[in-house]
Amino acid sequence: MSVAKVIEFSSSSTKGVEDAVQTGLKKVAETVKNIQGAWVSETKVITDNTGHIKEWRVNLRVTFVVE
């Protein structure tokens, strides 16, 4: 029988959503093993006063199998 756990964290990037997700997953994978998948639960943008996007932010929920 396997047991899975879900953790939630935030990540950001000036390049885009995909880069924010990838950067966050790489960082979490440094300490969490057996990652099985992730959900992007929220996406947010930070803009300047003219409406141009400065930064993308995502909230992720990651599932991993507990050893």
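Residues numbered from 1 in each chain as written. Predicted model: local features only at pLDDT ≥ 70, side-chain atom pairs only at ≥ 80, totals over all residues. Heavy atoms only, no water.

S.K.: Is there a simple way to explain the nonpolar core in this structure?
M.R.: Across soluble globular proteins, nonpolar side chains have a tendency to be buried as a group. Core analysis: the biggest nonpolar cluster contains 9 residues, these being Phe9, Ala20, Val21, Val28, Val32, Val58, Leu60, Val62 and Phe64. Mapped onto this core, the elements with two or more residues apiece are α1 (17-29) and β3 (53-66). Looking at this core, the element that brings in the most residues is β3, giving 4 residues. Not counting residues up to four positions away in its chain, the partners in contact with Ala20 are Ser11, Ser12, Ser13, Trp56 and Val58. (Core = buried A, V, L, I, M, F, W, Y, C linked by side-chain atoms within 4.5 Å. Buried < 20%, exposed > 50% of the residue type's maximum accessible area, 1.4 Å probe, protein only. Helix = DSSP H or I, 4+ residues; strand = E, 2+ residues; numbered from the N terminus. Contact = heavy atoms within 4.5 Å.)

S.K.: How should the pattern of salt bridges be read in this particular structure?
M.R.: Oppositely charged side chains are able to pair whenever their charged atoms sit close together. According to the stated counting rule, one finds 2 salt bridges in the structure shown. Salt-bridge contacts for Lys27 lead to Glu30; the nearest nitrogen and oxygen are separated by 3.3 Å. On the basis of relative accessibility, which here comes to 55%, the residue Lys27 falls in the exposed class. (Salt bridge = Lys/Arg side-chain N within 4 Å of Asp/Glu carboxyl O.)

S.K.: Just to check I follow, could you spell out the sheet that holds strand β2 (residues 35-47) for this structure?
M.R.: Whenever strands of a sheet pair, they do so through backbone hydrogen bonds, lying parallel or antiparallel. Strand order in the open sheet formed by 3 strands is β1-β3-β2, and the pairing between neighbours is antiparallel. Unpaired on one side and paired on the other, β1 (3-13) and β2 mark the two borders of the sheet. Along the sheet, successive strands turn relative to each other by an average axial angle of 15°, direction set aside. Judged from the 11 bridges that link them, β1 and β3 form a sheet pairing that is antiparallel. (Pairing = 2+ DSSP bridges. Axes fitted to C-alpha atoms, helices over the stretch in contact; angles between N-to-C directions.)

S.K.: How should I be thinking about the side chain of Ser11 in this particular structure?
M.R.: Following the sequence through the fold, Ser11 ends up in strand β1. Residue Ser11 is classed as buried on the basis of its relative accessible area of 11%. For Ser11, the side chain forms a polar contact with the main-chain oxygen of Ala20, separated by 2.7 Å. Within polar-contact distance, the side chain of Ser11 engages the backbone nitrogen of Gly24 at 3.3 Å. Residues in contact with Ser11, not counting those within four places in the same chain, are Ala20, Thr23, Gly24, Trp56, Arg57 and Val58. (Polar contact = N/O pair within 3.5 Å; in protein donor to acceptor, adjacent residues only side chain to side chain.)

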